[in-house]
Amino acid sequence: MLLAEVLENLQVRPGRTFLDGTVGGGGHAEAILKASAPNGRLFGCDRDGIAVEAARARLSQFAGRLEIRQGNYADVGEWIERESCDGVLLDLGVSSPQFDRPERGFSFQDGPLDMRMDPRQGATAADLVNDWSGEELARIFWEYGGERDSRRLAREIVDERQGRRIERTGQLAGLIERISPRAGRKTHPATKIFQALRIAVNDELGSLRRGLEAALNVLKPSGRLVVISFHSVEDRLVKEFGRRLSRDYEPGGETDRPELRRPRAPQLKLVRRKAIVPGAAEEKENPRSRSAQCRVFEKLGNLPAAASE
Ligand SMILES: C[S@@+](CC[C@H](N)C(=O)[O-])C[C@H]1O[C@@H](n2cnc3c(N)ncnc32)[C@H](O)[C@@H]1O
């Protein structure tokens, strides 16, 4: 996804060190390793053990300059040294191999209602759907899915589960479709509900908040951070992170009164004000790229100490 744009904005060159925090199927990782040959290094990370194995196999020819671990990108500070990377890539969301396997529970094809990226981690989507209160479900449907009909759909789910537990993706997708028929929409009526559940099951926004800070810590001054997101909830968080750290002042109180602002050195530069989006050709070839937004930041170095008089 946005391969040429990612390589260009990460400034991939021989001899440099990169982190791919969401190595997935290894497509970006392979391109980074090729473009940084013969001596560039890559750390790779993914919370999905199956993805890690697949990426290791695909990238075996680069073994000498590659280290891949299973884990959350928010925890890379535990194994990657501070200020050791020239570039960090986070390509958020679900990978095609995860989406295409019904047994992972991410898609509408019938399978267990699971959605855990790391199957060693706790609650599944079925646990949330069957055990959370109607209010909690309505809140995530609205906050993480932007679903306007969140309350009604949550109420119907609560009614349905009194008869029998909702354990299958097909059962949930079918229920939503019955309540809220397709009526000419391009996307499945349960798309927003599935997105909200996935975000909640994997605490994706919590990981992203911690992960952006972790990425900044492992970057060298002048290093680049490239983040690709797939929906507005994620993109808003990434944009706000960039805005906050690129300001040259501490906001003045809760309402940011200009007279109360305190100057401080910015930590980031926005390399581009607007997000990069896929061109028509990429969208046609890969319809899943349709909603991708790519933001690019550069870590600023320590400013030189003020000259003494
Ligand atoms: C869109 S795919 C990445 C595709 C990859 N760039 C490629 O070229 O094949 C997103 C991947 O991020 C992983 N992921 C999502 N959140 C994560 C997190 N907090 N920590 C580590 N990996 C995560 C998912 O398991 C998935 O494999």
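Residues numbered from 1 in each chain as written. Predicted model: local features only at pLDDT ≥ 70, side-chain atom pairs only at ≥ 80, totals over all residues. Heavy atoms only, no water.

Draft legend 1. Local environment of the overall build of the protein chain. Each helix and strand counted, the protein chain has 12 helices and 9 strands in total. For a compact globule of 309 residues, the expected C-alpha radius of gyration is about 19 Å, and the protein chain comes in at 21 Å, within 12% of that figure. Expressed as lengths along the three principal axes of its C-alpha atoms, the size of the protein chain is roughly 75 × 60 × 40 Å. The 309 residues of the protein chain split such that 49% are buried. Expressed as a percentage of contacts within the protein chain between residues at least 6 apart in sequence, the contacts between residues at least 24 apart total 68%. Element-wise, carbon and sulfur atoms account for 47% of the exposed surface of the protein chain, whose accessible area totals about 15,800 Å². (Helix = DSSP H or I, 4+ residues; strand = E, 2+ residues; numbered from the N terminus. Rg over C-alpha atoms; globule rule 2.2 N^0.38 Å. Buried < 20%, exposed > 50% of the residue type's maximum accessible area, 1.4 Å probe, protein only. Contact = heavy atoms within 4.5 Å. Areas by Shrake-Rupley, 256 points an atom, 1.4 Å probe, with all protein chains shown as cover.)

Draft legend 2. Quick peek at the site of the ligand. Inspection of the region around the ligand gives 22 residues, with His28, Asp46, Tyr73, Asp91 and Gln98 positioned closest. Between the ligand and Gly25 there is a distance of 3.1 Å, counted from an oxygen atom to a backbone nitrogen or oxygen. Gly27 is positioned with one of its backbone polar atoms (N or O) 3.2 Å from an oxygen atom of the ligand. Protein coverage of the free-state accessible area of the ligand, which is 610 Å², stands at 92%. Each residue belonging to the shell around the ligand can be placed in one class, and the counts come to 5 nonpolar, 13 polar and 4 charged. (Near = heavy atom within 4 Å. Polar contact = N/O pair within 3.5 Å; in protein donor to acceptor, adjacent residues only side chain to side chain. Nonpolar A, V, L, I, M, F, W, Y, C, P; charged D, E, K, R; others polar.)

Draft legend 3. Spatial organisation of the confidence of the model for the protein chain. For the protein chain, per-residue confidence averages 94 on the pLDDT scale, and residues scoring 70 or more make up 97% of the total. In the predicted structure, residues 304-309 sits below a pLDDT of 50 and forms 0 contacts with residues beyond four places in sequence or in another chain. (pLDDT = per-residue confidence, 0-100.)

Draft legend 4. Fine view of the side chain of Ser107. Positionally, Ser107 belongs in the loop between α4 (96-100) and α5 (125-131). A polar side-chain atom of Ser107 sits 3.4 Å from the main-chain amide nitrogen of Gln109. Leave out the neighbours within four places in its chain, and Ser107 touches Phe99, Thr169 and Phe194.

Draft legend 5. Local environment of the packing of aromatic side chains. Applying the stated rule across the entire model yields 3 aromatic pairs. A centroid spacing of 6.2 Å and a plane angle of 80° characterise the contact between Phe241 and Phe297, whose relative ring orientation is edge-to-face. Taken together, the residues Phe241 in helix α11 (residues 232-246) and Phe297 in strand β9 (residues 293-299) connect sequence positions 56 residues apart. Exposure remark for Phe241: the relative accessible area of 4% places this residue in the buried category. According to the relative accessible area criterion, Phe297 is buried, its value standing at 3%. (Phe/Tyr/Trp six-rings, centres within 6.5 Å; stacked < 30°, edge-to-face > 60°.)

Draft legend 6. Focus on helix α9 (residues 191-201). Judged by how many residues are buried, α9 sits mostly within the fold: 9 of 11 residues are covered. Taken residue by residue, α9 has Ile193, Phe194, Gln195, Ala196, Leu197, Arg198, Ile199, Ala200 and Val201 as its buried positions. Where α9 is buried, its residues contact α5, α6 (134-143), α7 (150-163), α8 (169-179), α10 (204-218) and α11. One or two positions beyond α9, positive phi appears at Asp203, with a value near 40°.

Draft legend 7. Up close: the environment of Leu245. Relative to the helices and strands, Leu245 is located in helix α11. A sequence separation of 20 residues divides Leu245 from Ala265, and the C-alpha atoms of the two residues are 9.0 Å apart. Once residues within four sequence positions are removed from consideration, Leu245 is found in contact with Leu216, Arg264, Pro266, Gln267 and Leu268.

Draft legend 8. Focus on the environment of Gln61. Looking at the element boundaries, Gln61 is found in the loop between α3 (49-58) and β3 (66-70). Spatially, the C-alpha atoms of Gln61 and Gln11 are 23 Å apart, while their sequence positions differ by 50 residues.

Draft legend 9. Geometry of the nonpolar core. Core analysis: the biggest nonpolar cluster contains 58 residues, and Phe141, Ile157, Leu172, Leu197 and Leu225 have the highest contact counts within it. If you look at the next biggest cluster of nonpolar residues, it comprises 23 residues, including Leu33, Leu42, Ile276 and Cys294. (Core = buried A, V, L, I, M, F, W, Y, C linked by side-chain atoms within 4.5 Å.)

Draft legend 10. Region of the structure containing the pattern of salt bridges. As enumerated under the stated definition, the model contains 24 salt bridges in all. Between Asp110 and Arg168 there is a salt bridge, and its shortest N-O distance comes to 3.2 Å. Taken together, the residues span a long stretch of sequence, with Asp110 in the loop between α4 and α5 and Arg168 in the loop between α7 and α8 at a distance of 58 residues. Residue classification places Asp110 among the partly exposed positions, given a relative accessible area of 45%. (Salt bridge = Lys/Arg side-chain N within 4 Å of Asp/Glu carboxyl O.)

Draft legend 11. Spatial organisation of the packing of α8 against α9. With their axes 10 Å apart at the nearest point, α8 and α9 run at an angle of 135° to one another. Taken together, the axes of α8 and α9 lie oblique to each other. Between α8, through Thr169, Leu172, Ala173 and Ile176, and α9, the contact on the second element is made entirely by Ile193, Phe194 and Leu197. When grouped by side-chain class, the residues that make up the contact of α8 with α9 number 6 nonpolar, 1 polar and no charged. (Axes fitted to C-alpha atoms, helices over the stretch in contact; angles between N-to-C directions. Parallel < 35°, antiparallel > 145°, perpendicular 65-115°, else oblique.)

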